Amino acid sequence: MDAAFERAAETDTQVEAQAEAQARGAAAEVADEVDVLVVGAGPTGLLLGAELALGGVRVQILERRTAAQRDSRALTLHPRSIELMDQRGLVERFLAHGRAVPEWHFAGLDTRLDFSALDTRHGYTLFLAQARTEQLLAERARALEVPVRRGYEVVGLRQDGDGDFGGEPGGRAAGGVEVDVRGPGGALRTIRARYVVGCDGGRSAVRRAAGIAFPGTDETLTGVLGDFAVVDPAALDRARAAGVLVAPLEADGPAEVRTDGRSRPTAGLTRLVLIDPRRMRTPSAEPLTPEEFRRSLVAVCGTDCGVAQPRWLSRFGNATRLAARYRAGRVLLAGDAAHIHFPAAGQGLNTGLQDAMNLGWKLAAEINGWAPPGLLDSYHAERHPVGQAVTENTEVQTLLMELTLLPPYQRPAAALRTLLTELLGIEEVNRRLAGRISALDTAYPPTAADADPLVGRRMPDIALTAAGSAAVRAHELLPPGRFVLLDLAGDEQLRQTVTPGRSPRVTALTVTHHAHRPDLDGVREILIRPDGHIAWATRTPALPARRTERHGALNDWAGVPSWG
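Residues numbered from 1 in each chain as written. Predicted model: local features only at pLDDT ≥ 70, side-chain atom pairs only at ≥ 80, totals over all residues. Heavy atoms only, no water.

1. Some remarks on the overall build of the protein
Inference 1: Looking only at helices and strands, one finds 14 helices and 28 strands in the protein.
Inference 2: Per-residue burial over the protein gives 54% buried out of 564 residues.
Inference 3: Of the accessible surface of the protein, which amounts to about 23,800 Å², a share of 52% is contributed by carbon and sulfur atoms. (Helix = DSSP H or I, 4+ residues; strand = E, 2+ residues; numbered from the N terminus. Buried < 20%, exposed > 50% of the residue type's maximum accessible area, 1.4 Å probe, protein only. Areas by Shrake-Rupley, 256 points an atom, 1.4 Å probe, with all protein chains shown as cover.)

2. Structural notes on the sheet that holds strand 17 (residues 269-274)
Inference 1: What the four strands build is an open sheet, ordered 14-17-13-18; its pairing is antiparallel. Of all the strands in the sheet, the pair left with one neighbour each is strand 14 (245-249) and strand 18 (308-317). Pairs of neighbouring strands in the sheet enclose a mean axial angle of 20°, with direction left out of account.
Inference 2: In terms of strand pairing, strand 14 meets strand 17 through five bridges, oriented antiparallel. The residue of strand 17 that forms the bridge with proline 248 is threonine 270.
Inference 3: On top of the sheet, helix 8 (residues 290-301) reaches strand 13 (222-230), strand 17 and strand 18; it is set at about 65° to strand 17, its chief contact. (Pairing = 2+ DSSP bridges. Axes fitted to C-alpha atoms, helices over the stretch in contact; angles between N-to-C directions. Contact = heavy atoms within 4.5 Å.)

3. What about the nonpolar core?
Inference 1: In terms of nonpolar packing, the biggest core is built from 70 residues, with Val36, Leu37, Phe94 and Val197 touching the most fellow members.
Inference 2: Of all the elements, helix 9 (residues 348-368) adds the most residues to this core, at eight residues.
Inference 3: Counting residues in hydrophobic clusters, the runner-up holds 24 residues, among them Phe115, Leu118, Ala345 and Leu440. (Core = buried A, V, L, I, M, F, W, Y, C linked by side-chain atoms within 4.5 Å.)

4. Description of the packing of helix 2 (residues 43-54) against helix 5 (residues 130-143)
Inference 1: Running from amino to carboxyl end, helix 2 crosses helix 5 at an angle of 20°, the nearest separation of the two axes being 9 Å. Between helix 2 and helix 5, the interaxial angle falls into the category roughly parallel. For helix 2 against helix 5, the interelement crossing comes out left-handed. On helix 5, the residues that touch Pro43, Leu46, Leu47, Ala50 and Leu54 of helix 2 are Gln130, Thr133, Glu134, Leu137, Ala138, Arg140 and Ala141. (Parallel < 35°, antiparallel > 145°, perpendicular 65-115°, else oblique. Left-handed = near helix turned anticlockwise from the far one by under 90°.)

5. A word on the side chain of threonine 282
Inference 1: Position of threonine 282 relative to the elements: it lies in the loop between strand 17 and helix 8.
Inference 2: Residue threonine 282 is classed as buried on the basis of its relative accessible area, which comes to 8%.
Inference 3: Excluding anything up to four places from it in sequence, threonine 282 contacts Glu219, Thr222 and Arg315.

6. Overview of the pattern of salt bridges
Inference 1: Counting across every chain of the model gives 44 salt bridges.
Inference 2: Between arginine 473 and aspartate 86 there is a salt bridge; the shortest N-O distance is 3.1 Å. Linking arginine 473 in strand 24 (residues 471-473) with aspartate 86 in helix 3 (residues 79-87), this pair joins segments that are 387 residues apart in sequence. Pair check on accessibility: arginine 473 and aspartate 86 agree, each one buried.
Inference 3: Here arginine 529 makes a salt bridge to aspartate 531, at a shortest N to O gap of 2.8 Å. With respect to burial, arginine 529 and aspartate 531 carry one shared label: buried.
Inference 4: Via salt bridges that share partners, Asp86, Arg121, Asp461, Arg473 and Glu476 belong to a single interconnected network. (Salt bridge = Lys/Arg side-chain N within 4 Å of Asp/Glu carboxyl O.)

7. Quick notes on the packing of aromatic side chains
Inference 1: In the structure shown here, the tally under the stated rule is six aromatic pairs.
Inference 2: Each ring, one from tryptophan 370 and one from phenylalanine 483, has its centre 6.4 Å from the other, and the planes form 65°; the classification is edge-to-face. Note that tryptophan 370 is positioned in the loop between helix 9 and helix 10 (378-403) and phenylalanine 483 in strand 25 (residues 483-487), a separation of 113 residues in sequence. The exposure classification of tryptophan 370 matches that of phenylalanine 483, with both residues buried. (Phe/Tyr/Trp six-rings, centres within 6.5 Å; stacked < 30°, edge-to-face > 60°.)

8. A word on a nonpolar patch on the surface
Inference 1: Nonpolar side chains collect at one region of the surface, where Leu416, Leu419, Leu423, Ile426 and Val429 lie side by side and expose about 370 Å² of accessible area between them.
Inference 2: It is helix 11 (residues 410-423) that contributes the most residues to the nonpolar patch, three residues altogether.
Inference 3: Judged by its relative accessible area of 35%, leucine 416 is partly exposed. (Patch = residues over 30% accessible without salt bridge, like charges linked within 9 Å, V, L, I, M, F, W, Y side chains within 5 Å.)

9. Focus: the pairing of strand 13
Inference 1: Of all nine residues in strand 13, nine are buried; the element is thus mostly enclosed.
Inference 2: Note: strand 13 against strand 18, eight bridges, orientation antiparallel. The partner of threonine 222 across the bridge, within strand 18, is glycine 317.
Inference 3: As defined by bridge partners, strand 13 adjoins strand 17 across five bridges and the pair is classed as antiparallel. Residue pairing for strand 17: glycine 226 is matched across the bridge by leucine 272.

10. Comments concerning the sheet that holds strand 24
Inference 1: Within the open sheet, the six strands sit side by side as 24-23-26-25-27-28. Their pairing is mixed. Because the sheet does not close on itself, it has two edges, and the strands there are strand 24 and strand 28 (534-538). Here the average twist between neighbouring strands, direction ignored, is 35°.
Inference 2: Pairing of strand 25 with strand 26 (residues 506-514) involves five bridges; the strand directions are parallel. Bridge pairing links valine 484 to threonine 507 in strand 26.
Inference 3: With respect to the sheet, helix 14 (residues 543-558) is in contact with strand 25, strand 26, strand 27 (525-528) and strand 28, its orientation differing from that of strand 28 by roughly 170°.

11. What to know about the environment of valine 246
Inference 1: With respect to the secondary-structure elements, valine 246 resides in strand 14.
Inference 2: For the pair valine 246 and leucine 274, spaced 28 residues apart in sequence, the C-alpha to C-alpha distance is 9.2 Å.

Listed below in structure tokens is the structure:
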């Protein structure tokens with residue numbers, strides 16, 4: 001093992017030792033009563049905890065694992081997730097560790113999806129190991145004083161005080177949730193929370209305890225991945241040509257090529273991912289050995305790519321399931337606890353982050369007592385269709401890959417892939433599918449039939465100048481996690497009519513100049529949600545009528561004014 005890898009190993013050991021030390025002392029630090037208990041300290045749970053803290057909520061995160069995860073199942077942040085980090089002032093931290101890739105893929109088709117052509121400042125996928133993403137989000141959580149307690153496993157929960165709401169939209173229960181957990185020493189304890197959010201993965205204990213159904217399909221196909229310290233760089237192009245995914249991990253420097261022709265990255269590993277037709281029905285629970293991985297490489301691409309010194313080997317499957325509901329009374333689900341699927345196009349982690357961003361401010365509003373009726377229910381209404389769309393497109397991609405491996409279907413499957421590759425060469429088709437995979441086309445359905453076409457869409461990150469301030473981007477207004485009201489028409493009484501009673505929830509700005517966009521022509525005011533989507537927009541020219549519309553929109557989204 002060379003010096004670079006010794007340093008990496010030392011860093012891993014230090015991180016694990018710190019996490020274990022935290023876990024040993026966690027029993028005395030766990031709060032017995034909180035506003036929100038988040039179960040699971042993966043990317044979704046960490047971001048959700050930070051968002052809740054940003055909203056002034058007492059939150060605690062419990063994690064079954066005693067140490068931070070060092071191996072990374074996911075490798076990418078897609079454009080919409082990068083925008084979310086930008087909206088909280090975090091994007092530079094992520095960009096410093098990742099590698100931007102302007103093109104992506106759908107089912108491994110030869111014609112790539114062009115993310116650089118999309119309507120965003122972040123038209124690329126960021127190659128970034130999940131372990132690093134978790135580290136950066138953990139730093140965010142620590143900065144907001146969110147406690148993360150490791151070594152705690154949920155073994156049961158009970159809702160009280162009409163916790164299930166009887167199915168009434170927007171209902172508020174007077175009770176809470178009692179959560180039974182087993183601590184690092186095996187002792188049981190009960191934590192009481194007003195709400196519990198399961199971010200604890202596909203085998204979610206929270207989902208099972210809450211009785212939320214998880215319908216879908218069982219695993220029928222598996223692939224394998226391996227992270228290796230040593231590879232033969234001359235063989236990697238051959239592997240790529242055979243459909244093997246080759247990705248550098250944490251490659252902060254050039255590869256060191258030794259005299260035997262093999263390479264080992266000076267600050268990272270190389271990941272290889274493939275589906276071996278001879279082994280693709282092997283259950284994902286069956287251990288994967290280095291010998292099997294080498295045999296599969298040889299079978300697929302004619303070479304074992306010189307792989308050596310595996311750090312992590314894993315088998316993964318195509319079980320696809322979507323929670324029947326994302327909310328059951330005071331229990332909610334996000335991330336893999338709500339949806340699982342084959343890792344086609346790298347959408348899983350990203351969908352979880354977007355779940356967290358949607359839920360955080362709504363749950364904080366409910367806890368703080370100003371949420372309008374039905375706001376918390378809108379989490380399921382908005383995110384469940386997104387989960388369904390992701391599970392469906394991953395099933396399509398998996399089928400397109402699997403058919404090419406089955407002899408009876410190989411010829412027509414190849415013809416189908418050729419046809420789809422040609423269709424992706426059409427600019428509009430490419431943009432449509434790129435928008436779907438990147439999640440930039442996610443638009444939530446408006447609640448009013450006469451809503452402006454902008455409502456529900458992402459707020460474009462336009463450059464603008466507000467009265468009395470320097471030029472900024474729209475996303476730079478969102479780090480506090482508040483609503484932002486942009487007055488593009490110049491109402492001299494804007495602040496007097498908006499901020500009294502709502503100042504902690506809404507920032508109101510009169511915009512003196514903004515970058516031109518055709519879709520903003522005629523727009524007089526825009527209300528941006530804390531998650532960066534547009535809650536309301538108006539093109540009404542008459543000021544009195546516009547003020548009336550604004551008053552209604554603020555009540556509908558930011559709640560009635562509080563004068564206490």
